[in-house]
Amino acid sequence: MSLSENERQIIVNLELEKAQNTFDAMMMCVNQKMWETAANRLYFALFHAISALLISDDLRVKSHRGVMALFGEHYVRTGIFSKKTVHCSPTS
């Protein structure tokens, strides 16, 4: 089933709202030095933001693994995001 442009925009906006709310919760955890919970909230904020991006481009999101795979396929491999930008490690 395909979404109308209006339906897709509603879902994108809901995902972005979730991302912002979760990011705000992460910042509260950071302020309280609750590092593990902050990391968890950051992961979910990014998950919702990337889900919004995928949905806005009419890509179906079914799982956390699927979000990572589709993001890599459609945005990293194509050069929209560089590997350096999305790869976070102490050595990068």
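Only a predicted model underlies this, so the values are computations on that prediction, with no experimental measurement involved.

The rules behind these values
- All chains use their own residue numbering, which begins from 1 and follows the written sequence.
- At least 70 in pLDDT is required for a residue's local features to be given in this predicted model, at least 80 for side-chain atom pairs to be given and counted, and no such filter applies to totals for whole chains, interfaces and linings, which use all residues.
- Excluding hydrogens and water, the side-chain figures rest on all heavy atoms present in the structure.
- Here, a salt bridge means any side-chain nitrogen of Lys or Arg that lies within 4 Å of a carboxyl oxygen of Asp or Glu.
- Here a helix means four or more residues in a row that DSSP labels H or I, a strand means two or more in a row labelled E, and each is numbered from the N terminus.
- Any residue under 20% of the maximum accessible area for its type is buried, any over 50% is exposed, and the rest in between are partly exposed; the area is computed with a 1.4 Å probe on protein chains only.
- What makes a nonpolar core is a set of buried Ala, Val, Leu, Ile, Met, Phe, Trp, Tyr and Cys residues whose side-chain atoms join them at distances within 4.5 Å.
- Contact between two residues is taken to exist if any of their heavy atoms lie within 4.5 Å; hydrogens are not considered.
- Between N-to-C directions, angles cover 0 to 180 degrees, with each direction set by a line fitted to C-alpha atoms, over the stretch in contact for helices.
- Should an angle fall under 35 degrees it is taken as roughly parallel, and over 145 as roughly antiparallel, whereas 65 to 115 is taken as roughly perpendicular and any remaining angle as oblique.
- In a left-handed crossing the near helix is turned counterclockwise from the far helix by less than a right angle, and in a right-handed crossing that turn is clockwise.
- Under the grouping applied here, Gly and all other residues not named as nonpolar or charged are polar, the nonpolar ones being Ala, Val, Leu, Ile, Met, Phe, Trp, Tyr, Cys and Pro and the charged ones Asp, Glu, Lys and Arg.
- An expected span of 1.5 Å times one less than the residue number is assigned to each helix.

Novice: Just checking my understanding: could you explain the pattern of salt bridges for this structure?
Specialist: Note on pairing: side chains with opposite charge can pair once their charged atoms come close. The full count for this structure, using the stated rule, is three salt bridges. The partner of Arg8 in a salt bridge is Asp58, and the shortest N-O contact between them spans 2.9 Å. Placement of the pair is Arg8 in helix H1 (residues 5-31) and Asp58 in the loop between helix H2 (35-56) and helix H3 (64-76), with a sequence separation of 50 residues. Relative accessible area serves as the criterion here: at 11%, Arg8 is assigned to the buried category. Among the ionic pairs, Glu15 bridges to Lys18, the shortest N-O distance being 3.9 Å. Residue Glu15 and its partner Lys18 are located together in helix H1, separated by three residues, close to a single helical turn. Judged by its relative accessible area of 12%, Glu15 falls in the buried class. On the accessibility criterion, Lys18 (42% relative accessible area) is partly exposed. One salt-bridge network, held together by shared partners, links Glu5, Arg8 and Asp58.

Novice: Teacher, can you tell me more about the nonpolar core here?
Specialist: Across soluble globular proteins, you tend to see nonpolar side chains buried next to one another. In this structure, Phe47, Leu54, Leu59, Val67, Leu70, Phe71, Tyr75 and Val76 together form the largest nonpolar core, which totals eight residues. Those elements giving two or more residues to this core turn out to be H2 and H3. At five residues, H3 tops the list of elements feeding residues into this core. When neighbours within four sequence positions are excluded, Leu70 is seen to be in contact with Leu54, Leu59, Arg60 and Tyr75.

Novice: Looking at this structure, how should I read the packing of H2 against H3?
Specialist: Helix packing for two helices is described by the angle between their axes and how far apart those axes are. At a minimum axis distance of 10 Å, the contact between H2 and H3 shows a crossing angle of 55°. Taken together, the axis directions place H2 and H3 in an arrangement best described as oblique. Seen along the crossing, H2 lies across H3 with a hand that is left-handed. Every residue of H3 that contacts H2 at Tyr43, Phe44, Phe47, Ile50, Ser51, Leu53 and Leu54 is listed here: His64, Val67, Leu70, Phe71 and Tyr75. Across the contact of H2 with H3, the residue classes tally to ten nonpolar, two polar and no charged.

Novice: Whenever I open this one, the side chain of Thr22 confuses me. Can you help?
Specialist: As for its position among the elements, Thr22 is in helix H1. Under the relative-accessibility criterion, Thr22 is labelled buried at 10%.

Novice: Explanation requested: H1 in the structure shown.
Specialist: Each turn of an α-helix holds 3.6 residues, which means side chains three or four residues apart point in the same direction. Between its terminal C-alpha atoms H1 stretches 39 Å, which fits the 39 Å expected from 27 residues at 1.5 Å a residue. When we look at burial in H1, the residues that qualify are Arg8, Val12, Glu15, Ala19, Thr22, Met26 and Cys29. The inward-facing, buried residues of H1 abut H2. A positive phi of about 60° marks Lys33, the residue just after H1.

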